[in-house]
Amino acid sequence: MKKTILLSLSILLLSIGVSKAQVVPSFSFGLKGGLNYSTFPSNGIFNNDNKAGYQAGAWARIGGLGFIFQPELYVTGKNVTVNTNDGTGTAKANFTSVDLPLLVGGKVGALGLGGRFYGGPVLSFTVNKDQSLSGAASNAARLNYKDANYALQVGAGVDISSLSIDLRYEGGLNKIAYGNDNSHTRVSLFSLSLAYKLFSL
């Protein structure tokens, strides 16, 4: 009988803790950093070699009733090498941008351990466009990367106390042109980041 009562009380307390974690409004702020892998799909005219980049910045999270809104602001480095398929031109491109994801999603868990899933738009403002060109047709391989780019981001994360691990996919919405050619591409991005919560209310 005592074991049954203790087990029932334990389940009740755990349920209250989970409900409180999902219902009570909260605000968190922290820093994040990680690696990304940029992809510019090949299209039969240009053959692209994708490379690793980086991201570093800050995030905020507003939650309540099991839902979250998570705006972020970070600097992203995207790297790619573009080759003409006939081998006559190459462009090594390194783009730096300030990215602003506006994510909405859900959160589950309690007692310092939880999971998240989310998605939303990303506004990307390019602050640096470095491209080194080589070969007779090098200008054809140049990427005309825009100052403002737009994308959609989806992902999931795990929270362990003040640490978070996030895995995301980002798909570009606007087209990026190659040189003076009529061919276009869209940037896609896979990222893995580690975040640290500085404080929460």
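In this text, all values refer to a predicted model and were calculated from it rather than measured experimentally.

S.K.: Is there a simple way to think about the overall build of the protein in this case?
M.R.: In terms of regular secondary structure, the protein is built from 1 helix and 12 strands. When the helices and strands of the protein are placed in sequence order, the string is α-β-β-β-β-β-β-β-β-β-β-β-β. Sequence-distant contacts, at least 24 apart, represent 67% of the contacts inside the protein between residues at least 6 apart. Carbon and sulfur atoms make up 68% of the accessible area of the protein, which amounts to about 10,700 Å² in all.

S.K.: Whenever I open this one, the pairing of strand β3 (residues 52–64) confuses me. Can you help?
M.R.: Residues in a regular strand project their side chains so that they alternate between the two faces of the sheet. Examined bridge by bridge, strand β1 (residues 26–39) and β3 share 12 bridges and lie antiparallel to one another. For K32, the partnering residue across the bridge sits in β3 and is G57. Strand direction decides the pairing type here: β3 and strand β4 (residues 67–84), joined by 9 bridges, are antiparallel. Of the residues in β4, the one forming a bridge with A58 is L73.

S.K.: It is not clear to me how unusual backbone geometry should be interpreted in this structure. Could you clarify?
M.R.: Excluding glycine, most residues fall at negative phi; most peptide bonds, likewise, are trans. The residue L65 is not glycine, and still its phi comes out positive at about 60°. For L65, the position within the fold is in the loop between β3 and β4.

S.K.: I keep staring at the environment of S161 and nothing clicks. Help me out?
M.R.: Its location among the elements puts S161 in the loop between β8 (148–160) and β9 (163–172). Taking C-alpha positions, S161 is 8.7 Å from G114, a pair spaced 47 residues apart along the chain. Once residues lying within four places of it in the same chain are set aside, the contact partners of S161 are G112 and K197.

S.K.: Explain the side chain of N149 here, please?
M.R.: Tracing the backbone shows N149 in strand β8. Residue classification places N149 among the buried residues on the basis of a relative accessible area of 6%. A polar atom in the side chain of N149 sits 2.9 Å from the side chain of N174. Once residues lying within four places of it in the same chain are set aside, the contact partners of N149 are V122, L123, S124, T126, N174 and I176.

S.K.: Would you mind going over the pattern of salt bridges with me for this structure?
M.R.: Note on pairing: side chains with opposite charge can pair once their charged atoms come close. Applying the stated rule across the entire model yields 8 salt bridges. Across the pair E72 and K32 runs a salt bridge, and its minimum N-O distance is 3.3 Å. Of this pair, E72 sits in strand β4 while K32 sits in strand β1, and the two are 40 residues apart along the sequence. Here the two residues E72 and K32 agree in accessibility, since each one is buried. One salt bridge connects D159 with R61, and the closest N-O pair in it is separated by 3.6 Å. Of this pair, D159 sits in strand β8 while R61 is found in strand β3, placing the two residues 98 residues apart along the sequence. We note that D159, like R61, is buried. Among the ionic contacts, a cluster of salt bridges with common partners joins K32, R61, E72, R116, D159, D166 and R168.

Criteria and thresholds
Residues numbered from 1 in each chain as written. Predicted model: local features only at pLDDT ≥ 70, side-chain atom pairs only at ≥ 80, totals over all residues. Heavy atoms only, no water. Helix = DSSP H or I, 4+ residues; strand = E, 2+ residues; numbered from the N terminus. Contact = heavy atoms within 4.5 Å. Areas by Shrake-Rupley, 256 points an atom, 1.4 Å probe, with all protein chains shown as cover. Pairing = 2+ DSSP bridges. Buried < 20%, exposed > 50% of the residue type's maximum accessible area, 1.4 Å probe, protein only. Polar contact = N/O pair within 3.5 Å; in protein donor to acceptor, adjacent residues only side chain to side chain. Salt bridge = Lys/Arg side-chain N within 4 Å of Asp/Glu carboxyl O.

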